[in-house]
Amino acid sequence: MSQSREITVTKSSVPIGAVIALAAIFAFGLFVVGFDQGHLFSMIQGAEAFDQLYIHELTHDMRHAAGFPCH
Ligand SMILES: [Zn+2]
């Protein structure tokens, strides 16, 4: 008498390293979008970056969705 058994083990675990990396990228992105008022480009462009606000304008709707007021 022979028996055969099949056991299927499914593991679905989220890699914690990826979660940490994505959270860090998200936090950095939110910082850049939320608090840059021309400061990043002013390193290259000088004072006129404070008038042009490229990152601010490009991410305007996302800024408001994230709760940052500006006008
Ligand atoms: Zn606005």
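These notes cover the structure that comes with them.

Reading guide: rules and limits
- Residues numbered from 1 in each chain as written.
- Predicted model: local features only at pLDDT ≥ 70, side-chain atom pairs only at ≥ 80, totals over all residues.
- Helix = DSSP H or I, 4+ residues; strand = E, 2+ residues; numbered from the N terminus.
- Contact = placed C-beta atoms within 7 Å.
- Buried ≥ 20, exposed ≤ 12 C-beta atoms within 10 Å, placed from the backbone.

Moving on, we get to the environment of G38. Structurally, G38 is set in the loop between α1 (16–35) and α2 (39–45). As for G38 and A49, which are separated by 11 residues in sequence, their C-alpha atoms are 5.0 Å apart. In this structure, G38 is in contact with A49, F50, Q52 and L53, ignoring residues within four places of it in sequence.

At L53, a residue that is not glycine, the phi angle is positive and equals roughly 50°. Along the chain, the position of L53 falls in the loop between α3 (49–52) and α4 (54–58). Owing to 15 C-beta atoms within 10 Å, L53 belongs among the partly exposed residues under this scheme.

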